[in-house]
Amino acid sequence: MTTTVPDTAEVELAIGGMTCASCAARIEKKLNRMEGVTATVNYATEKAKVSFEAGVGVADLIATVEATGYTAREPLPPAARTGTTAGPDEPANDESGDALRSLRRRLVTAAVLATPVIAMAMVPALQFTYWQWLSLTLAAPVVTYAAWPFHRAAFTNARHGAATMDTLISVGTTAAFAWSLWALFFGTAGTPGMTHPFELTIARTDGAGNIYLEAAAGVTAFILAGRYFEARSKRRAGAALRALLELGAKDVTVLRGGREEQIPVGELKVGDRFLVRPGEKIATDGTVVEGSSAVDASMLTGESVPVEVAAGDAVTGATVNAGGRLLVEATRVGSDTQLARMARLVEDAQNGKARAQRLADRISGIFVPVVMALALGTLGFWLGNGAGLTAAFTAAVAVLIIACPCALGLATPTALMVGTGRGAQLGILIKGPEVLESTRKVDTVVLDKTGTVTTGRMALLAVHTADGTEEGDVLRLAGALEHASEHPIGQAVAAAAAERAGALPVSEDFANVPGLGVQGVVEGHAVLVGRDKLLEEWAMTLPAALARAKAEAEAAGRTAVAVAWDGEARAVLEVADAVKATSAEAVARLRALGLTPLLLTGDNQAVARAVAAEVGIDEVIAEVMPEDKAAVVKRLQDQGRSVAMVGDGVNDAAALAQADLGLALGTGTDAAIEAGDLTLVRGDLRAAADAIRLARRTLTTIKSNLFWAFAYNVATLPLAAAGLLNPMIAGAAMAFSSVFVVGNSLRLRGFRTAG
């Protein structure tokens, strides 16, 4: 008897209508209840990754999501999503752009109309004869039009027996507005000249003269502000993919029928031969057919030293030809290229990242049902004790009103806005509230080498001269010859020579010797600069002292360049990717935060170990291919570590997205910046420690804000249930809790960097 394993397929669905993490959890639960279906739903990226067996169709999955109260569709392919360039406030697709514009309109409406309502309620001097009716006129559009997303989400949640922050906001604002209407039209609140005096007394009231329009309008405006900034942050989830795919060449020169023809890269086919001139990007993955050159692959591989290629060598799309003319035969095109595979890695890492669990939603999952039950219990109790219908309803509605989360609506957005604002002043950009929770748990920080710990540029670090040779002569002659070279190592030598020796002479008869170095005539001297094999071709060998210096340099992971003129070896130059002056201090600061640093690089072990020793890092993982960096981070996570990743290159994008916390240097590529959770504008690694400290401080502030916001609710609910809720006590308590939350958040403005 044989057992057949059913065929499985995988699809990614774009989910619409989610307003909180519990929405994602509910959709995931419904999908996983389907036979043969395994699903994970990510609230941050608004996507569901679903594996399903034969017998289940994509239409069935979409129908299940829609039956849960949300929308679902198959997302556009990456090429379609990255085909247009979006501005900072305009997402790449019209659907998310419309949603953001709608939210922005509601926020502006709420902010403009709610401000005078709150002012009139809080400042008795502004309460003119008919102020309450003006308040009603201004508050009505806020509670209906502006707050509509909360009401719609609350209705959807109610249909499925769930309660979230949306439920609390909707019920609280509706109760406050409805009671205000009753008090204005059927009670005494509509009487001309009615005011809200400050009488801080605890007394039972029938509620006929109480209005709560400022609570209804203010809560709506504050929470809409938080939702808007969160939506702006979330919609950038696909920007890393756009940045990655836009790195590739747009056009390519192909050879067809012996003629050169310019075509879009998308029309390139496997087997086509194309030209790559010096300074151009290689259009796609292929094999060199003719020519030799140095290829700068640092953005993709992280290797600081350019790779020498010749006929028969493989090259990768999006890398830059730094030297001679190449003829390349395409071996992989489109979605099969290494760049496209890296884009898929970034997307998979983003989708797999732990869902953001908003603290307010966690607590409201318990708090909302308790408040609802307490309101119903209050109504039943007073009716059962013969207090009369009006008094019973007054007490019940008071419970809902006092639970309305005014301070709660301010808790997260104010701390986040102050924290992110202060961060921006210090060159630290925090993408959203979900980022902050990760900083608390992080215990390991993975540092990319090239461009993060090091400068990412080749530099001349040392000059070793033979007896009787002056360093100034070596730099002048070698620098003059290398000035004509396009090779990055040669450019490093020329730049250092110009800086140290001043104006350089002009070289004559310059020639590039593929794979070995350069030769020419400078000031009448026949000069050679390159590998020792180049000198051997001219019957020259390095003296013992220079040979030792060369061996020591290579053992330390540096590139050794020999210099000779007039038939004699004169010097050895040490060239390497220099360590940033602040990297050692930055590593020490990260250790002080309780983090274990680890160096991750595509460079060889010798280079990696040398750099790690210089900055004080013990753990090193070297010779890692770009597509394997995310796997290394995943392996560390599987070991139980909570990982922060600091990087700057395209090769770091997938790892930044995979990490629990991604910190991208602002001096790096767009792909890395978009994939990261925090961006360090300065490009100084010390900012990584400051960013983690600021994020942790901001999270602590949010938590204390939430505690006091809920504490206010818990403390005043018994008064409301007892029918002793004086509107002025409620107003004063609500105002105090809001002022406390804002004041607590403003303390973040005093955050200072460690240096």
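Just so we're clear, the structure is a prediction, and the values are computed from it rather than from any experiment.

### Details of the packing of helix α5 (residues 131-146) against helix α6 (residues 148-159)
With their axes 5 Å apart at the nearest point, α5 and α6 run at an angle of 45 degrees to one another. Judged by the inter-axis angle, α5 sits oblique to α6. Residues Val-143, Thr-144, Tyr-145 and Ala-146 of α5 lie in contact with α6, whose contacting residues are Trp-148, Pro-149 and His-151. Here the contact of α5 with α6 is composed, by residue class, of five nonpolar, two polar and no charged.

### Remarks on the pairing of strand β15 (residues 444-448)
Among the five residues in β15, five count as buried, and that is most of the element. Burial of the side chains of β15 extends over both faces: Thr-444, Val-446 and Asp-448 are buried on one face and Val-445 and Leu-447 on the other. Sheet topology places β15 next to strand β22 (residues 596-600); five bridges connect them, and they run parallel. Note that in β22 the partner of Asp-448 across the bridge is Leu-600. Examined bridge by bridge, β15 and strand β24 (residues 643-647) share four bridges and lie parallel to one another. Following the sheet pairing, Thr-444 is matched in β24 by Val-643.

### With respect to the nonpolar core
Within the largest apolar cluster, 50 residues are counted, with the highest numbers of intra-cluster contacts made by Ile-211, Leu-213, Leu-224 and Val-399. At the level of secondary structure, the elements contributing two or more residues to this core comprise α4 (94-122), α5, α7 (165-185), α8 (213-234), α12 (359-384), α13 (389-402) and α26 (686-721). When near neighbours in sequence (up to four residues on either side) are disregarded, Leu-213 contacts Val-117, Gln-132, Ser-135, Leu-136, Ala-139, Phe-177, Ser-180 and Leu-184. One finds Ala-586, Val-587, Val-615 and Ala-691 within the second-largest nonpolar core, a separate group that totals 36 residues.

### Focus: the sheet that holds strand β16 (residues 454-465)
Across the sheet, six strands lie side by side as β16-β21-β20-β19-β18-β17; this open sheet has antiparallel pairing. The two strands at the open ends of the sheet, each matched to only one other strand, are β16 and β17 (507-513). Strand after strand, the sheet turns through a mean of 20 degrees between neighbouring axes, direction not considered. Of the strand pairs in this sheet, strand β19 (residues 525-530) and strand β20 (residues 559-565) are connected by four bridges, and their pairing is antiparallel. Within β20, the residue paired with Val-529 across the bridge is Val-563. Sheet strands touched by helix α20 (residues 544-555): β16, β20 and β21 (568-579). Its angle to β21, the strand with the most contacts, is close to 15 degrees.

### Considering the pattern of salt bridges
Tallying each qualifying case throughout the model produces 20 salt bridges. Among the ionic pairs, Glu-554 bridges to Lys-550, the shortest N-O distance being 2.9 Å. Of the two residues, Glu-554 and Lys-550 both sit in helix α20, four residues apart, roughly one turn of that helix. Glu-585 serves as the salt-bridge partner of Arg-686, at 3.3 Å between the closest nitrogen and oxygen. Here the residue Arg-686 occupies a position in helix α26, and Glu-585 occupies one in helix α21 (residues 583-592), the gap between them amounting to 101 residues.

### What to know about the environment of Glu-261
One can find Glu-261 in strand β6 (residues 259-264). For Glu-261, a relative accessible area of 31% translates into the label partly exposed. Residues Glu-261 and Phe-274, 13 residues apart in the sequence, show an inter-C-alpha distance of 9.1 Å. The contact partners of Glu-261, leaving out residues within four places of it in the chain, are Val-252, Thr-253, Val-254 and Arg-256.

### Side note on helix α22 (residues 605-615)
Among the residues of α22, those classed as buried are Val-607, Ala-608, Val-611, Ala-612 and Val-615. Here the buried residues of α22 occupy an arc of 125 degrees about the axis, which is enough to place them on one side. Looking at the packing, one finds that the buried side of α22 touches α16 (449-453), β16, β21, α21, β22 and β23 (619-621). The positive-phi residue at the C-terminal boundary of α22 is Gly-616, with phi of around 90 degrees.

### Regarding unusual backbone geometry
One non-glycine residue, Ala-318, lies in positive phi territory at about 80 degrees. Structurally, Ala-318 can be placed in the loop between β11 (314-315) and β12 (320-321). Backbone geometry places Glu-623, a non-glycine residue, at a positive phi of 55 degrees. The topology assignment puts Glu-623 in the loop between β23 and α23 (626-638). Judged by its relative accessible area of 52%, Glu-623 falls in the exposed class.

### Some words on the side chain of Thr-701
With respect to the element layout, Thr-701 can be found in helix α26. Among the polar contacts made by the side chain of Thr-701, one reaches the main-chain carbonyl oxygen of Arg-697 at a distance of 2.9 Å. Beyond its immediate chain neighbours, meaning those up to four positions away, Thr-701 contacts Ala-415, Asn-744, Ser-745 and Leu-748.

### Overview of the packing of aromatic side chains
One pass over the structure, following the stated rule, counts three aromatic pairs. Ring centres of Trp-179 and Trp-182 lie 5.0 Å apart, and the angle between their planes is 25 degrees; on these two criteria the pair is classed as stacked. Of the two residues, Trp-179 and Trp-182 are both situated in helix α7; the distance of three residues between them amounts to about one turn of the helix.

### Thoughts on the confidence of the model for the chain
Summary statistics for the chain give a mean pLDDT of 78 and a share of 79% for residues scoring 70 or more. In the model of the chain, helix α3 (residues 78-81) stands out as the element of lowest mean pLDDT, 44, in contrast to α5, which has the highest, 94. Every residue in residues 1-5 scores below 50 in pLDDT, and together they form zero contacts with partners more than four places removed in sequence or on other chains. Every residue in residues 352-357 is under pLDDT 50, and counting partners more than four places away or in other chains gives 16 contacts.

About the cut-offs
- Residues numbered from 1 in each chain as written.
- Predicted model: local features only at pLDDT ≥ 70, side-chain atom pairs only at ≥ 80, totals over all residues.
- Heavy atoms only, no water.
- Axes fitted to C-alpha atoms, helices over the stretch in contact; angles between N-to-C directions.
- Helix = DSSP H or I, 4+ residues; strand = E, 2+ residues; numbered from the N terminus.
- Parallel < 35°, antiparallel > 145°, perpendicular 65-115°, else oblique.
- Contact = heavy atoms within 4.5 Å.
- Nonpolar A, V, L, I, M, F, W, Y, C, P; charged D, E, K, R; others polar.
- Buried < 20%, exposed > 50% of the residue type's maximum accessible area, 1.4 Å probe, protein only.
- Pairing = 2+ DSSP bridges.
- Core = buried A, V, L, I, M, F, W, Y, C linked by side-chain atoms within 4.5 Å.
- Salt bridge = Lys/Arg side-chain N within 4 Å of Asp/Glu carboxyl O.
- Arc of directions from axis to C-beta.
- Polar contact = N/O pair within 3.5 Å; in protein donor to acceptor, adjacent residues only side chain to side chain.
- Phe/Tyr/Trp six-rings, centres within 6.5 Å; stacked < 30°, edge-to-face > 60°.
- pLDDT = per-residue confidence, 0-100.

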